[in-house]
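Residues per chain, in single letters:
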Amino acid sequence: MQPILIGPYDIGVKQDLKPFMIPDQAFPNLVNAFVFRGRVERKNGYSNLGRLRRNLTAQSLGNSGATPWSFNIVTLLSLGTDASLVPGTVVITSGAVTFTDQGDSTLTSATPGNSGSINYATGAVTLTTTVVAGTPTTVTLGYYPNLPVMGVRTKELAATINQEQTVWFDTTYAYQFNTGTLLFEELTSTLATTWSGTDSQQFWTTNYQTDATSKNLFWATNGVKGLHGYTITAATSAAACVITTTVGGPIIIAGDLVYLNNCSNANFNGAIGLVTLVVGNVITTNINSAGFGAAAVSGVVVTPNRNISGNGIRYWNDTTWKNYNPIINSAIFLEGALLVVPYQGRFIALNTFEGTNPNLSDTVQFPQRARWSERLAGESVLVSNDALVNGWRDDLAARGNFADADTLDAIVGCGFIKDQLIVQFESSTWNLVPTQNDAKPFFWQRINNELGAEATFSPVEFDNGLLTFGNVGIHTCNGFEMSRIDAVIPSIVFEVHNSGDGPQRISGIRDFFLESVYWAYPGGNPANTTDGTKKFFPNTMVIYNYRNNTFSFWQDQATALGLYQSVSGYTWNTLPYQTWDEWTVPWNSGYTQAAFPAICYGNHQGFVEVYDDSTYGDPSLMVQAIATNGAVPAMTRITSPQHGLFLHQYVTITAAQGISPAVGKNGLNGFTYQIIGVPTANTFDIDMPFADITGSYTGAGVITVVLNVTIATKQFTPFWQDGKRYMASKLEFLFDRTSDGELTVGFFSDFTTDNDLEVSTTGTARGNAIVTTRPESGQYPASPLPFYSFQKTGAQIWKRFYVDGYGSTAQISLSMSDSQMRTPAINQAEIVLHAIMLYFTPLGGFS
């Protein structure tokens, strides 16, 4: 018998060769696990930080109807197709009667004879009331827009070291996390601000300069052009210029900064000032126009720090969002850009939108363009009067200008390598080279004419290179040349679904703690790919450990990746572990401390998750409806918009209101079920008979995806060099000890996919195909066996597994069985594999 020790592990997934050709420490497949410092670990778990939500106060529901009065809050307030109400937040006031949401789908009132019910998922409300019909009624509430998270971005805080603020975006709103209430809320803004990008247009942000009050400015763009100008129909020549426009309050309000351009009376052009009064569409400014001569007439444009359509470039100053729409010559404005970056003392816009305000119909996109501002002498000048009017002008000497790259590729992304700005186009990579000549401060230099990027948010910066998930591979650029780093997984980039803006949905981030880069992308094999409504949101992550150049795959759904720093560290009550035995991280580890830069992601339903050191997940999807699937026997169908789940995955549903277990049944809440059907992009069926529950669903349900692991070794060939087959007698595994963990072993011989430990016709196990990661009980006959005693105290534990296998190749797999996936103590246990010992005995030849 010849033992073979496999470990430590330092290769990870290798798919460029057949499984029998790869090195012993390599894996043809490693899902929801990764190689880290010589061992294989189960992927990080995550904690639900919350769901992006908005709070509305005293919104009109119109006049009350006759009792019982039924209406739909979501519909009346136009909250959105998939919006749902936050339980416990709804307060309806109708005349002198107030209905208060109890958080359990009921509404109560201190006034006798008044009560109601509410469905949090649909917004439907029925009130039994003494209020006279026709009484004005309002509602105060919190709601989840359930929109895709399109940005997890970091804002620098003034005079605060190692503590940044995370700002989250969905397609329409920006949010912050309130550390007092531990809830999300819309980012504060004096000027009501929304965006209108698609669910693939992520938010690019940058921190640059301060305003006049020393507030750090946080710039944002989603690559959508914005209209920031309004037509003037008249203007007076007076000490205080009074302008009549096509729009007025509340689009323009006192305190807005305005400037005039394209005026029929050229004397008005370039005038700038603050709005002091707005009455309807008559705007009074502090511009002294007494010397301008005759008043301007039609065709005149005023451009305030406000917009009425589109998005454009904006900045946030801790108080409000402001629109940024600088003039770039006497008639043209910068109406947007895909990217904005500070570089060499200038502000640079890449892939720009340029046109004449206020008409967006003449806007022209310049996909190959870099446009820059004047060299800035100090802070605040980008939002001061002169720089706002003239700082980007390319028709004035030594101010702004532009350069177009000599290609038809479009600019897609960018990043820095030391002091080089590397700009990535669709299929080429360029350097925007500084010259230190104010007349021509930059020129384009081509680095590679074949390799570029299709994903704006895939570049990940390193000091000596820029890593990018490109259209033909994962590449690194050192500023002079490009090279591919994914030769061991050469086909992964081609899995990205190009339909539904797949490449634009990719995002990447660097995890310094785990020395890895994560790229989230829409790949894998999502169920029901024929459903035309499917969005193909990201459902897979490729993990690249840059310390040992290894790859693995996780099955998390992330539409945007970023960092989150908690203001407080873990306490005894908040440690993310089910048992003390699972807590192996030192108490003084950085993971447990306040301000630790944890990897954070948002998904397509507005859930925000933070990776931690646990091995299990939290809720990440919402339940919109629960019904029968109509089959015989009828199973339970769950509606969850664009859920992105796979056939045969496992889910746990909790907090679903309005339903209860049928007599003698487990019911739905708190139990784990397998997905047995995915009829549409918005629905899936679980293996729970619909008859196991009673009642009607009234909302609040959430879904936790329970992820299995796949650790598949190479196909070992122990005696090929001797032309012999093998007999396998036993396997030994070196695990970290846990209190409840166990795995199911698979053994595959002779290149087959049939598990030798199962009956091939039924898939049932032949005997006990389980290896545990917990100490043996040793309860035979009545006391612990002496040779098991060390297992109870050692941090690592050897576990033996007997097999009876024959063949020329042997492959081992570790995963969890159906029963293990349905047992929380097992499916939440840590998995750390240090080594495998294989015991083979040579047999005769191959034939």
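This one's a predicted model, so the numbers in the text were calculated from it and none came from an experiment. (Residues numbered from 1 in each chain as written. Predicted model: local features only at pLDDT ≥ 70, side-chain atom pairs only at ≥ 80, totals over all residues. Heavy atoms only, no water.)

A look at the side chain of Asn 216
- When you line up the elements, Asn 216 lands in strand 22 (residues 216–221).
- With relative accessibility at 16%, the residue Asn 216 sits in the buried group.
- Here Glu 156 takes part through its backbone oxygen, which lies 3.2 Å from a polar atom of the side chain of Asn 216.
- When near neighbours in sequence (up to four residues on either side) are disregarded, Asn 216 contacts Lys 155, Glu 156, Leu 157, Ala 158, Gln 209, Thr 210, Trp 316, Asn 317 and Asp 318. (Helix = DSSP H or I, 4+ residues; strand = E, 2+ residues; numbered from the N terminus. Buried < 20%, exposed > 50% of the residue type's maximum accessible area, 1.4 Å probe, protein only. Polar contact = N/O pair within 3.5 Å; in protein donor to acceptor, adjacent residues only side chain to side chain. Contact = heavy atoms within 4.5 Å.)

Quick notes on unusual backbone geometry
- Here the residue pair Gly 7 and Pro 8 is connected by a cis peptide bond, since its omega of -5° sits within 30 degrees of zero.
- Secondary-structure assignment places Pro 8 in the loop between strand 1 (2–6) and strand 2 (12–13).
- Following Thr 67, the chain continues to Pro 68 via a peptide bond in cis, the omega torsion being -10°.
- Relative to the helices and strands, Pro 68 is located in the loop between strand 8 (54–63) and strand 9 (69–72).
- Phi is positive for Lys 418, which is not a glycine, with a value near 55°.
- Positionally, Lys 418 belongs in the loop between strand 37 (411–417) and strand 38 (420–425).

A look at the nonpolar core
- Membership of the largest hydrophobic core comes to 59 residues, with the highest contact counts inside it found for Trp 519 and Phe 733.
- At five residues, the largest contribution of residues to this core is made by strand 62 (residues 724–736).
- Of all hydrophobic cores here, the second largest spans 39 residues; its members include Val 74, Leu 127, Ala 598 and Val 608. (Core = buried A, V, L, I, M, F, W, Y, C linked by side-chain atoms within 4.5 Å.)

Overview of the pairing of strand 63 (residues 742–749)
- The buried count for strand 63 comes to eight of eight residues, which makes it a mostly enclosed element.
- Neither face of strand 63 is exposed, since Glu 742, Thr 744, Gly 746 and Phe 748 on one face and Leu 743, Val 745, Phe 747 and Ser 749 on the opposite face are all buried.
- Inspection of the sheet shows strand 63 paired to strand 64 (residues 770–772) by three bridges, in the antiparallel sense. From the neighbouring strand, Leu 743 faces strand 64, where its bridge partner is Val 771.
- In terms of strand pairing, strand 63 meets strand 66 (residues 810–815) through six bridges, oriented antiparallel. Across the sheet, the residue bridging to Phe 748 is Gln 811, located in strand 66. (Pairing = 2+ DSSP bridges.)

Some thoughts on the packing of aromatic side chains
- Tallied over the full model, the rule gives 46 aromatic pairs.
- Geometrically, the ring pair formed by Tyr 208 and Phe 347 is stacked, given 5.1 Å between the ring centres and 20° between the ring planes. Of this pair, Tyr 208 sits in strand 21 (residues 204–210) while Phe 347 is found in strand 34 (residues 346–355), placing the two residues 139 residues apart along the sequence.
- Its relative accessible area of 1% is what places Phe 347 among the buried residues.
- Put simply, the rings of Phe 34, Phe 36, Tyr 46, Tyr 518, Trp 554, Tyr 601 and Tyr 611 touch in pairs and so form one group of aromatic residues.
- Above the ring of Trp 204, the side-chain terminus of Arg 153 is found at 5.8 Å from the ring centroid. (Phe/Tyr/Trp six-rings, centres within 6.5 Å; stacked < 30°, edge-to-face > 60°. Lys NZ or Arg CZ within 6 Å of the ring centre and 35° of its normal.)

Observations concerning the pattern of salt bridges
- Scanning all chains against the criterion turns up 25 salt bridges.
- The shortest N-O distance in the salt bridge between Lys 714 and Asp 24 comes to 3.6 Å. Linking Lys 714 in the loop between strand 61 (710–712) and strand 62 with Asp 24 in the loop between strand 2 and strand 3 (26–27), this pair joins segments that are 690 residues apart in sequence.
- A salt bridge links Arg 39 to Glu 41; the nearest nitrogen and oxygen atoms lie 2.6 Å apart.
- A network of salt bridges, in which partner residues are shared, links Glu 354, Arg 369, Arg 371, Asp 394 and Asp 404. (Salt bridge = Lys/Arg side-chain N within 4 Å of Asp/Glu carboxyl O.)

All we've got here are geometric facts, nothing functional implied.
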